[in-house]
Amino acid sequence: MPATLIVGTQWGDEGKAKIIDYLAGKTDIVVRYQGGANAGHTVKVGNDKYIFRLIPSGILYPRTICVLGGGMVIDPDALFAEIGELEARGINPKGRLRIADNAHILMPYHREIDIRSEESSGSFKIGTTRRGIGACYSDKVNRQGIRVGMLYNETFYDTLLPRLIEQKNRLLTRVYDAPPVDLAEIKDKLLFFRDRLRDMVINAPYYLNMELASGKNVLLEGAQGTMLDLDFGTYPFVTSSNPTTGGALSGSGISFRYLKEVIGVAKAYSTRVGEGPYPTECTDETGELLRKAGNEYGSVTGRPRRCGWFDVEVVRHAARINGLSCLALTKLDVLDQFKTIKVATGYELDGKRIDYFPSCNVSKVKVIYEELPGWNEPTSHATKPKHLPKNARRYIEAIERFCGVPIAWVSVGPARENTIALK
Ligand code: GDP
Ligand code: IMO
Ligand code: MG
């Protein structure tokens, strides 16, 4: 396949990195196309565990090129920390990392604004990862951002930069009651980044489309998930980018003609971190059981994830928006201990049945459940469909039927080998 997209179908943390790692062995280039260090992408290889924030999850394969796409917001401090951690573990990412010159630089003041905005929002807070994501994307949209490529224009430092910092300082001091930032310090920091990033910077649309034209294959790595999409998620409790298919194209610059397959990653149940509506959330002991069995704690912030049953309407929404070709169903093993398993198969809104995910007033939906029999035995050893208990196979078939999307892989554990190909 020329270009394959991996996208989260729920609220993030679906196990996208595990699936990317599983597929990246045969991939020439992996591209992250949106988001920033709000992502926490876990890859488990043998006894080693890696959590990627900015670097694409394909970096563990020594021949794979990894691109940070133009739709990303890159915190250079976080990037250099991540490069340093990998180097300390014997992996040298430098020669294989490329950075789009139209990606935006996330500055320390973006983090400060994110934190202060959350702290002053009371019950309206979003529950962000506090990594400055919304503040950096706001600057991008407001045309006050700093692109990676701008660092290589000598006039930038004494013309545009002072003006941007002056505006930022007005915002910091007058709105957020924060101390101002120092122009000279910011300038030094940016000059340092300029020198360290120099060898990695590319024109991503040119590079990627050329490589695709010459027969290379590309994996597009989504961060977050469809329900956190700025336009299609549970606004305003979303992230500030588009993790969905449209965002993969605008965030990479790859022509839509190369995109042949869109793989949706869905957990066999569901989770959400942060605030916002969540129709199938279990706030009782079922939620606790799921959290414990699934080890559902944020990989970036360590926050306990909210847990609940699989929601068909959510995944159908993701299938519709992303044009999913197939699903990878992850963390099936987390359901091993349940005698019965509930699946949300529909919604009622204002007393009427609806068969779409509403754009607004999500907290008003009444969820309709079906209860399926559990299997009550371990599944993590399974490497083929026939190794799975009959009721686990029935559960997979039911999800496939309800969602109307074929399930191509089932994941029954965090490691590469805990993956079952169904098709
Ligand atoms: P991502 O952000 O979508 O890449 O997902 P995260 O890495 O934030 O969260 C997924 C978590 O589940 C990680 O700790 C993975 O190691 C783990 N994981 C992935 N697939 C499976 C699975 O099939 N079973 C279990 N038990 N854990 C899994
Ligand atoms: P991965 O890529 C789960 C959530 C935050 C918050 C909202 C906005 O690992 O799946 P932000 O910091 O982006 O402004 O926060 O989005 N969020 C995630 N939840 N997985 C993620 O990434 C997330 N990235 C952001 O918890 O609710
Ligand atoms: Mg994650």
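This text follows the structure it describes.
An account of the accompanying structure is given in this report.

## Digging into the coordination of the magnesium ion (ligand 3)
Summarising the metal site, the magnesium ion (ligand 3) is bound by the protein donors Asp13 (OD) and Gly40 (O), whose distances to it range over 2.0 to 2.2 Å. Here Asp13, found in the loop between strand E1 (3-8) and helix H1 (16-24), pairs with Gly40, found in the loop between strand E2 (29-32) and strand E3 (41-45); they are 27 residues apart in sequence, far enough to count as distant. Assessed through its relative accessible area of 11%, Gly40 is described here as buried.

## What about the environment of Gln34?
Relative to the helices and strands, Gln34 resides in the loop between E2 and E3. Residue Gln34 is classed as buried on the basis of its relative accessible area of 2%. Here the alpha-carbon distance between Gln34 and Leu171, two residues 137 residues apart in the chain, equals 26 Å. Contacts of Gln34, omitting those with residues within four sequence positions, involve Gly71, Met72, Tyr137, Gly222, Ala223, Gln224, Ser241, Asn242 and Pro243. Engagement of the side chain of Gln34 in a polar contact is seen with the side chain of Ser241, the distance being 2.9 Å.

## What about the site of ligand 2?
The environment of ligand 2 is made up of 21 residues, and the closest members are Lys16, His41, Thr129, Gln224 and Thr239. Take Thr129: an N or O atom from its side chain is 2.5 Å from an oxygen atom of ligand 2. When the free accessible area of ligand 2 is taken as 550 Å², the share hidden by the protein chains comes to 98%. Residues belonging to the shell around ligand 2 are distributed by class as follows: 8 nonpolar, 10 polar and 3 charged. Each of domain 1 (3-94 + 203-421) and domain 2 (104-197) gives at least three residues to the shell around ligand 2.

## Section: the sheet that holds E1
Pairing is mixed in the open sheet, where 10 strands are placed in the order E9-E7-E5-E2-E10-E1-E11-E15-E19-E20. Edge positions in the sheet fall to strand E9 (201-202) and strand E20 (419-421), since each of these pairs with one other strand and no more. Alignment of strand E11 (residues 259-267) against strand E15 (residues 326-330), held across 5 bridges, turns out to be parallel. Within E15, the residue paired with Val265 across the bridge is Ala328. Packing against the sheet, helix H11 (residues 390-403) makes contact with E15 and strand E19 (407-411), and its axis sits at approximately 140 degrees to E19.

## So, the side chain of Thr234
Its place among the elements puts Thr234 in the loop between strand E10 (218-221) and helix H8 (245-250). Since its relative accessible area comes to 2%, Thr234 is described here as buried. Setting aside its immediate chain neighbours within four residues, Thr234 contacts Trp11, Met227, Arg272, Pro277, Phe357 and Val362.

## With respect to the pairing of E1
By the criterion of burial, E1 is predominantly enclosed, with 6 of the 6 residues buried. Because side chains alternate across E1, one face comprises the buried residues Ala3, Leu5 and Val7, and the other comprises Thr4, Ile6 and Gly8, equally buried. Pairing of E1 with E11 involves 6 bridges; the strand directions are parallel. Directly across from Leu5, in E11, lies its bridge partner Val262. Bridging between E1 and E10 involves 4 bridges; their strand directions are parallel. What sits directly across from Ala3, in E10, is Val218.

## Considering the pattern of salt bridges
Taken as a whole and judged by the stated rule, the model has 24 salt bridges. For Arg116, the salt bridge identified is with Glu112, shortest N-O distance 2.7 Å. Here Arg116 pairs with Glu112, and both are found in helix H3 (residues 108-119), just 4 residues apart, close to one helical turn. Taking the relative accessible area as the measure of exposure, Arg116 reaches 26% and is therefore partly exposed. Judged by its relative accessible area of 31%, Glu112 is partly exposed.

Conventions and cut-offs
- Residues numbered from 1 in each chain as written.
- Chains lettered and ligands numbered in written order.
- Predicted model: local features only at pLDDT ≥ 70, side-chain atom pairs only at ≥ 80, totals over all residues.
- Heavy atoms only, no water.
- Donors = N, O, S within 2.8 Å, 3.2 Å for Na, K, Ca; no water.
- Helix = DSSP H or I, 4+ residues; strand = E, 2+ residues; numbered from the N terminus.
- Buried < 20%, exposed > 50% of the residue type's maximum accessible area, 1.4 Å probe, protein only.
- Contact = heavy atoms within 4.5 Å.
- Polar contact = N/O pair within 3.5 Å; in protein donor to acceptor, adjacent residues only side chain to side chain.
- Near = heavy atom within 4 Å.
- Areas by Shrake-Rupley, 256 points an atom, 1.4 Å probe, with all protein chains shown as cover.
- Nonpolar A, V, L, I, M, F, W, Y, C, P; charged D, E, K, R; others polar.
- Domains from an automatic or database assignment.
- Pairing = 2+ DSSP bridges.
- Axes fitted to C-alpha atoms, helices over the stretch in contact; angles between N-to-C directions.
- Salt bridge = Lys/Arg side-chain N within 4 Å of Asp/Glu carboxyl O.

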